[in-house]
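Each chain, written out:
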Amino acid sequence: MTDIDEVAPSRVAMPSADLKTLVSRAAIAALSALLVFSLFLRLMNYEMRKDEQLYVPPIRLLDHYRLYEDFFYNHPPGSAWLFHWIGATVGSNHLLFSGRLSVFLAWILFLAAIGGITYALTRSGLISWCVAALTVANDLFLTQTGMAATNNFLPLPFAFTGLGLFVLAARERHPKPFLIGVAGLCLSLAVAFKISAVAFIPPVAVAAFLLPRAYRFKDRILRVVAPLAAGGLVGGMPILIPLVSAPQRFLAHVAQYHTGPHLQYWRMTNAPGEDQALTLTEKLLLAQGIWFSAAGAVAISLLLALLLTAFQAPDGSGRERLFRIINGPLLVVAGALICSAAMSLLPTPSFPQYFAPPLICLPLGLALLFGSLAPETRKRLQPVVVAATLVVLAIEVPRLAQYIGTAARPDRWTVTRVHDAGVAISQRIAAARAEGKVATLSPIYPLEGGLEVYPELATGPFVYRTAAFTDHDLATWYTMTSPDLIAAMFDADPPGALLLGFDEVLERPMLDFARRNGYTPMTELGFKDRYGSPVLYLRPPQK
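Residues numbered from 1 in each chain as written. Predicted model: local features only at pLDDT ≥ 70, side-chain atom pairs only at ≥ 80, totals over all residues. Heavy atoms only, no water.

Caption draft 1: Structural detail: the overall build of the chain. For the chain, the count of helices and strands is 26 helices and four strands. A compact globule built from 543 residues should have a C-alpha radius of gyration of about 24 Å, and the chain, at 27 Å, falls within 12% of that. In the chain, which comprises 543 residues, the share counted as buried stands at 52%. When contacts within the chain are restricted to residue pairs at least 6 apart in sequence, those whose partners lie at least 24 apart make up 73%. Surface accessibility of the chain: about 25000 Å² in total, with carbon and sulfur atoms responsible for 63%. (Helix = DSSP H or I, 4+ residues; strand = E, 2+ residues; numbered from the N terminus. Rg over C-alpha atoms; globule rule 2.2 N^0.38 Å. Buried < 20%, exposed > 50% of the residue type's maximum accessible area, 1.4 Å probe, protein only. Contact = heavy atoms within 4.5 Å. Areas by Shrake-Rupley, 256 points an atom, 1.4 Å probe, with all protein chains shown as cover.)

Structure representation (structure tokens):
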């Protein structure tokens, strides 16, 4: 009888370690590509929001008008010029597309920065991927904050990069001044998009005088403080130039509007569906719902788990473990978290997007704590981090995959439909031979069609609706009109058409003018948005 050898487990053919690594990397690459593609489709299909009526028009307006001087803009200039530059670079006349594409590029920068910096801190590609995936799956970033063409998301990649580069430099005994200079540049660029990003500067500025500990104070001034300040000065140029050239006009738009008419409007007006929080209690409740959403709660839980695990490490005394874990870089991130959280609660009213900045501290905190663990401990905890990430992704799959079906039909994307609506309006006006500007509180539509709008209404309803709360001295710095004065403006410069139907209260004086002067209404325009069904009022033929 032929002997049959018993097959030992060790002799069973098993996939090689290299093959397993290759397969896992391919799977991660495919999932990453799918997530980024889903993100792009969501950006292109996300329904247009009212705030975009402020941020998108400068893409066209800056071709002929001056920011602040010729039209109202109540934010730093970074987003206006970025959107305008992206629009000019891609050569597209699709304005909303150019704005949303700018936000998508900011997303790519953010994810690349998270991946690169967290890998430098952990030396684990898988953990870096998990941290980036948790960011993509954050509820707040998948709604207006990260999907609309506004300035809400734009500062986050730069703030994260600046904070992350400084943390990397602070961990070195002899940090590279160039790296610190780039950190200062990025932190200032973040402020050029949104003033609230200034919250990340104080903890870094204080730390520059204290870290690294191996340096003498004089060396810190020369090798840390000086390059940080130099980079910050260069990055601050987009704000410093208008501030120095026309300080009163700049501050009237960027600061005094928010502390004056904007605040009074929200205190006196009940605007349904805006999710505004006026009292500290309302702000805290809003913050709680945002910071402790699925992705946020999981990230915070992982942070606490890593911190507790680090404290339980057997090596060294409790005091040694404390100083090893709670080190300078981690304190910088904690300071940034506290400052940005406090800044989120300051504005009145508060909106969901105001609570985004603290979230960028979570990836850095996770990376710093994970990187501080012993190799064996990291190996044991890695499956926990992966499992938590997969659970969060599973929760967010319906939202992430919502627009996958539109991939082959770009003609159905929101950015395309908005542009087509603008072109249709232009064609209707041309067919009616109605001459004059288009009056509307939704200027994206006529601007998409290449039409001219009133500078006083060129960036939406914001300065128009606060006119009753704007004192005369402040109003002199704005290019604006009001519900009481708009009829006189139309009498002096009659509109060729009025596009109404988005806000019954604010549009009432415009509607009265159209009816009083015999403008012909057209209701079948072939589009509508979340704010209403538009009606185009065409100027009657002139004798």
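Caption draft 2: Examining the environment of tyrosine 257 more closely. Relative to the assigned elements, tyrosine 257 resides in helix α13 (residues 247-259). On the basis of relative accessible area, tyrosine 257 is assigned to the buried category, the value being 1%. Taking C-alpha positions, tyrosine 257 is 9.8 Å from tyrosine 478, a pair spaced 221 residues apart along the chain. Once you skip the residues sitting within four places of it in the chain, tyrosine 257 turns out to touch Phe72, Asn74, Ala252, His262, Leu263, Phe462, Val463, Thr466 and Tyr478.

Caption draft 3: The sheet that holds strand β1 (residues 438-440), seen in detail. The sheet built from four strands is open, its strands ordered β1-β2-β4-β3 with mixed pairing. Of all the strands in the sheet, just β1 and β3 (520-522) have a single pairing partner and so form its edges. This sheet shows a mean twist of 20° between the axes of neighbouring strands, independent of strand direction. Bridge analysis of β1 against strand β2 (residues 497-500) gives three bridges, and the strand direction is parallel. Its bridge partner being in β2, threonine 440 is matched across the sheet by leucine 499. Contacts from helix α21 (residues 414-432) reach β1, β2, β3 and β4 (535-538), with the element oriented near 25° to β4. (Pairing = 2+ DSSP bridges. Axes fitted to C-alpha atoms, helices over the stretch in contact; angles between N-to-C directions.)

Caption draft 4: The packing of helix α8 (residues 155-170) against helix α19 (residues 361-371), seen in detail. Following both chains from N to C, one finds α8 and α19 inclined at 25°, their axes separated by 10 Å at the closest point. Between α8 and α19, the angle falls in the class roughly parallel. Relative to α19, α8 is oriented so that their crossing is right-handed. Across from Phe160, Leu163, Gly164 and Val167 in α8, the residues of α19 making contact are Cys361, Pro363, Leu364 and Leu368. Looking at the contact of α8 with α19, its residues break down into seven nonpolar, one polar and no charged. (Parallel < 35°, antiparallel > 145°, perpendicular 65-115°, else oblique. Left-handed = near helix turned anticlockwise from the far one by under 90°. Nonpolar A, V, L, I, M, F, W, Y, C, P; charged D, E, K, R; others polar.)

Caption draft 5: Geometry of the nonpolar core. In this structure, Trp107, Phe166, Ile429 and Tyr445 are the most contacted members of the largest nonpolar core, which totals 150 residues. Among the elements that make up this core, the one with the highest residue count is helix α5 (residues 95-122) (13 residues). With residues up to four places along the chain from it excluded, the contact list for tyrosine 445 reads Met48, Val418, Ala421, Gly422, Ile425, Leu499, Phe502, Phe527 and Asp529. Leu457, Ile486, Leu511 and Ala514 belong to the second-largest nonpolar core, a separate cluster that totals 18 residues. (Core = buried A, V, L, I, M, F, W, Y, C linked by side-chain atoms within 4.5 Å.)

Caption draft 6: How the structure looks around the packing of aromatic side chains. Per the counting criterion, the structure on display carries 27 aromatic pairs. Aromatic pair phenylalanine 72 and tyrosine 257: ring centres 5.0 Å apart, planes at 65°, arrangement edge-to-face. Pair noted here: phenylalanine 72 is in the loop between α3 (58-61) and α4 (78-90) and tyrosine 257 is in helix α13, with a separation of 185 residues, a long-range link. Between phenylalanine 110 and phenylalanine 160, the aromatic rings sit 5.8 Å apart at their centres with planes inclined by 75°, giving edge-to-face as the arrangement. Linking phenylalanine 110 in helix α5 with phenylalanine 160 in helix α8, this pair joins segments that are 50 residues apart in sequence. Here the two residues phenylalanine 110 and phenylalanine 160 agree in accessibility, since each one is buried. The rings of Trp107, Phe110, Phe141, Phe153 and Phe160 are connected pair by pair, giving a single aromatic cluster. (Phe/Tyr/Trp six-rings, centres within 6.5 Å; stacked < 30°, edge-to-face > 60°.)

Caption draft 7: View of a nonpolar patch on the surface. Side chains of Leu31, Leu34, Phe37, Leu390 and Ile404 sit close together on the surface and give an oily, nonpolar patch of about 400 Å² of accessible area. The element that contributes the greatest number of residues to the nonpolar patch is helix α1 (residues 17-45), accounting for three residues. The residue leucine 34 is located in helix α1 in this model. (Patch = residues over 30% accessible without salt bridge, like charges linked within 9 Å, V, L, I, M, F, W, Y side chains within 5 Å. Salt bridge = Lys/Arg side-chain N within 4 Å of Asp/Glu carboxyl O.)

Caption draft 8: Local environment of the pairing of β4. Burial of the side chains of β4 extends over both faces: Val535 and Tyr537 are buried on one face and Leu536 and Leu538 on the other. Relative to β4, β2 is paired through four bridges, and the arrangement is antiparallel. Within β4, the residue paired with leucine 498 across the bridge is tyrosine 537.

Caption draft 9: Geometry of the side chain of arginine 42. Relative to the assigned elements, arginine 42 resides in helix α1. Buried and without a salt bridge, arginine 42 has glutamate 396 as its closest oppositely charged side chain, separated by 7.5 Å. Ignoring sequence-local partners within four residues, the contact set of arginine 42 consists of Leu142, Met147, Arg399, Gln402 and Tyr403. (Lys, Arg positive; Asp, Glu negative; His and termini not counted.)

Caption draft 10: How the structure looks around the pattern of salt bridges. Under the defined criterion, the tally for this structure stands at ten salt bridges. Between arginine 409 and aspartate 411 there is a salt bridge, with the nearest N and O atoms lying 2.7 Å from each other. The exposure class of arginine 409 is partly exposed, given its relative accessible area of 34%. Here the salt bridges do not stand alone but share partners, grouping Arg66, Glu69 and Asp70 into one network.

Caption draft 11: Representation of helix α9 (residues 177-193) within the structure. Here α9 is 17 residues long and its end C-alpha atoms lie 25 Å apart, about the 24 Å a rise of 1.5 Å per residue gives. Those residues of α9 that are buried are in contact with α4, α8, α10 (201-208), α11 (217-235) and α12 (237-245). (Expected span 1.5 Å × (residues − 1).)

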